[in-house]
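Each chain is listed here by its residues.
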Amino acid sequence: MTSTSTKKSSDAMTKTSHIKRNPKKGYTLAFLFLLSLLGGLVLLNLVSGSVDLGLGDLYEVLFQGRALSRLEYNVLYKIRLPRIISAILFGMALSVSGFLLQTFFRNPIVGPSVLGITSGARLFVGLIILGNFGLGLQVQSLGLFFVFSMVGSLLAMVLVLIFAKRSKSLSTLVVIGIMIGYIATAITNFMMTFSDEHKIAGLTMWGLGSFSGVNWDMIRVSLIIIIPSIIMTFLSAKSLQAFLLGESYAMTMGLDIKKFRFRLIILSSCLTACVTAFAGPISFVGIAVPHISRILFKSANPKILVPAICLTGANFCLLSDYLARTLFAPIELNISVITSLIGAPIVIYLMTRRTR
């Protein structure tokens, strides 16, 4: 009897070790969960709003050939679909940008908003809105908005890197990033003091951060920037993993550290600049989502994390946008209010856990 129980115990231990050594099933379930959640949130955002357009209406349009009324067409194709697609795209962009910055600094609580990168982009976009360029958010000026936002993001990043070389302290790095953000915000507010009221109103509305003003032209430009950047990040998974194991190890694997660092900076700045230019500054997505993905997948492998972060970021922003629209309807909340309320407790938890 003892030998039988020993054999059963041995078989159980073998199965357990086999599961631990083969986590592919867990990854598959996690990805299926995120994809199902994404589909559910897309449908929820499609049917939610002041205009009644339910699941039954969508079913009739898709499968029974019912024609959309003019009101339904405008609501669906000019408001809800662009907003949903932008939430997915920008959620992916901010999340991957945060992951790249955390990898670059080997620091779990850095992100575009913490390091002042978003504020730098806001400052340079403010130069267009408040300056005498005579430009607004028109199709012909979308590229200029991105370029100015990119310059602001890179400038803030360069300043952080300059100070980071002089101090290796985590707390010092975070404080420097926050201070750079304050300086950029102060300069923006200074420009607002001497600007016309309608320009100040335009910058204020843009600065609240929202997916509501995104149109199809902005989505086309965003697709050209975001999708290739994410693909390049995924293709760099092997280099990212080597970099995470230490610069010495990465160099033995043949990785050019300087070029790789430069690539991380450019990719992160492109992603952040695109979102900030077209949707305004959005906080905490880049910090919280990579950690949620690591907790969900229990992995640090970039080949797993990059697609996981993309899906989690898309879900995070879709849910945040839905709550911003519906919690106090017809009043719409600032999207950063919701992302901060969700993301800030995660950062607090991580900080207290790290201290412990």
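What counts, and at which threshold
Residues numbered from 1 in each chain as written. Predicted model: local features only at pLDDT ≥ 70, side-chain atom pairs only at ≥ 80, totals over all residues. Heavy atoms only, no water. Helix = DSSP H or I, 4+ residues; strand = E, 2+ residues; numbered from the N terminus. Buried < 20%, exposed > 50% of the residue type's maximum accessible area, 1.4 Å probe, protein only. Contact = heavy atoms within 4.5 Å. Areas by Shrake-Rupley, 256 points an atom, 1.4 Å probe, with all protein chains shown as cover. Phe/Tyr/Trp six-rings, centres within 6.5 Å; stacked < 30°, edge-to-face > 60°. Axes fitted to C-alpha atoms, helices over the stretch in contact; angles between N-to-C directions. Parallel < 35°, antiparallel > 145°, perpendicular 65-115°, else oblique. Left-handed = near helix turned anticlockwise from the far one by under 90°. Salt bridge = Lys/Arg side-chain N within 4 Å of Asp/Glu carboxyl O. pLDDT = per-residue confidence, 0-100. Polar contact = N/O pair within 3.5 Å; in protein donor to acceptor, adjacent residues only side chain to side chain. Expected span 1.5 Å × (residues − 1). Patch = residues over 30% accessible without salt bridge, like charges linked within 9 Å, V, L, I, M, F, W, Y side chains within 5 Å. Core = buried A, V, L, I, M, F, W, Y, C linked by side-chain atoms within 4.5 Å.

## Structural notes on the overall build of the chain
When helices and strands are counted, the chain shows 15 helices and 0 strands. Each of the 356 residues in the chain was classed as buried or not, and the buried ones make up 47%. For the chain, restricting intrachain contacts to residue pairs at least 6 apart in sequence, the fraction spanning at least 24 positions comes to 78%. For the chain, the exposed surface amounts to about 18,400 Å²; the carbon and sulfur share of it is 68%.

## Observations regarding the packing of aromatic side chains
Going through the model one piece at a time under the given rule, you end up with 5 aromatic pairs. With a centroid separation of 6.2 Å and 35° between ring planes, the pair formed by tyrosine 27 and phenylalanine 297 is classed as tilted. With tyrosine 27 in helix α2 (residues 24-47) and phenylalanine 297 in helix α13 (residues 285-297), the pair connects residues that are 270 residues apart, well separated along the chain. By relative accessible area, phenylalanine 297 is classed as buried at 4%. Note on phenylalanine 31 and phenylalanine 297: the rings are 4.7 Å apart at their centroids and 55° apart in plane angle, and the pair reads as tilted.

## A look at the packing of helix α10 (residues 237-244) against helix α12 (residues 257-279)
Two measures define how a pair of helices packs: the angle their axes make with one another and the distance between the axes. Put simply, α10 and α12 touch, their axes get as near as 12 Å, and they point 110° apart. Viewed along their axes, α10 and α12 adopt a mutual orientation that is roughly perpendicular. You can see that α10 and α12 cross each other, and the crossing is left-handed. Contact residues: α10 offers Ser239, Leu240 and Phe243, while α12 offers Ile257, Phe260, Arg261 and Leu264.

## Structural notes on unusual backbone geometry
With phi around 70°, phenylalanine 284 is a residue other than glycine that occupies positive phi space. Even without glycine at this site, lysine 298 takes up a positive phi of about 50°. One can find lysine 298 in the loop between α13 and α14 (302-326).

## Re the pattern of salt bridges
Within this structure, the stated rule accounts for 4 salt bridges. Between arginine 83 and glutamate 332 there is a salt bridge; the shortest N-O distance is 2.5 Å. Of this pair, arginine 83 sits in helix α4 (residues 70-105) while glutamate 332 sits in the loop between α14 and α15 (335-355); the two residues are 249 residues apart in sequence, bridging distant segments of the chain. When its relative accessible area of 9% is taken as the criterion, arginine 83 is described as buried. Between aspartate 321 and arginine 325 there is a salt bridge, with its nearest N and O atoms 3.9 Å apart. Of this pair, aspartate 321 and arginine 325 both sit in helix α14, 4 residues apart, which is roughly one turn of the helix. Side by side, aspartate 321 and arginine 325 carry an identical accessibility label, which is buried.

## Re the confidence of the model for the chain
Taken residue by residue, the chain gives an average pLDDT of 81. The fraction at 70 or more is 85%. Averaged over each element, pLDDT in the chain is lowest for helix α1 (residues 2-21) (46) and highest for α14 (93). In this model, residues 5-10 is a region of pLDDT below 50 whose contacts with residues beyond four sequence positions or in other chains number 0 contacts. Contacts from residues 12-20, a stretch scored under 50 in pLDDT, to residues over four places away or in other chains number 0 contacts.

## Here we look at the side chain of serine 195
Relative to the helices and strands, serine 195 is located in the loop between α7 (170-193) and α8 (197-207). Its relative accessible area of 17% is what places serine 195 among the buried residues. From its side chain, serine 195 meets the backbone oxygen of methionine 191 in a polar contact 2.7 Å long.

## Quick look at helix α5 (residues 117-130)
An ideal rise of 1.5 Å per residue puts 20 Å on 14 residues; α5 measures up with 20 Å between its terminal C-alpha atoms. Most of α5 sits out of view: 13 of its 14 residues are buried.

## So, a nonpolar patch on the surface
Taken together, the side chains of Leu155, Val158, Leu159, Ile162 and Phe163 present a nonpolar region at the surface, about 400 Å² in accessible area. Residue classification places leucine 155 among the partly exposed residues on the basis of a relative accessible area of 43%.

## Here we look at the nonpolar core
Core analysis: the biggest nonpolar cluster contains 92 residues, and Phe90 and Phe105 have the highest contact counts within it. In terms of residue count, α4 provides more of this core than any other element does, 15 residues in total. What phenylalanine 105 contacts, discounting residues up to four positions off in sequence, is Val110, Leu115, Met157, Val160, Leu161, Ala164 and Leu173. One finds Ile109, Val114, Val174 and Val347 within the second-largest nonpolar core, a separate group that totals 5 residues.

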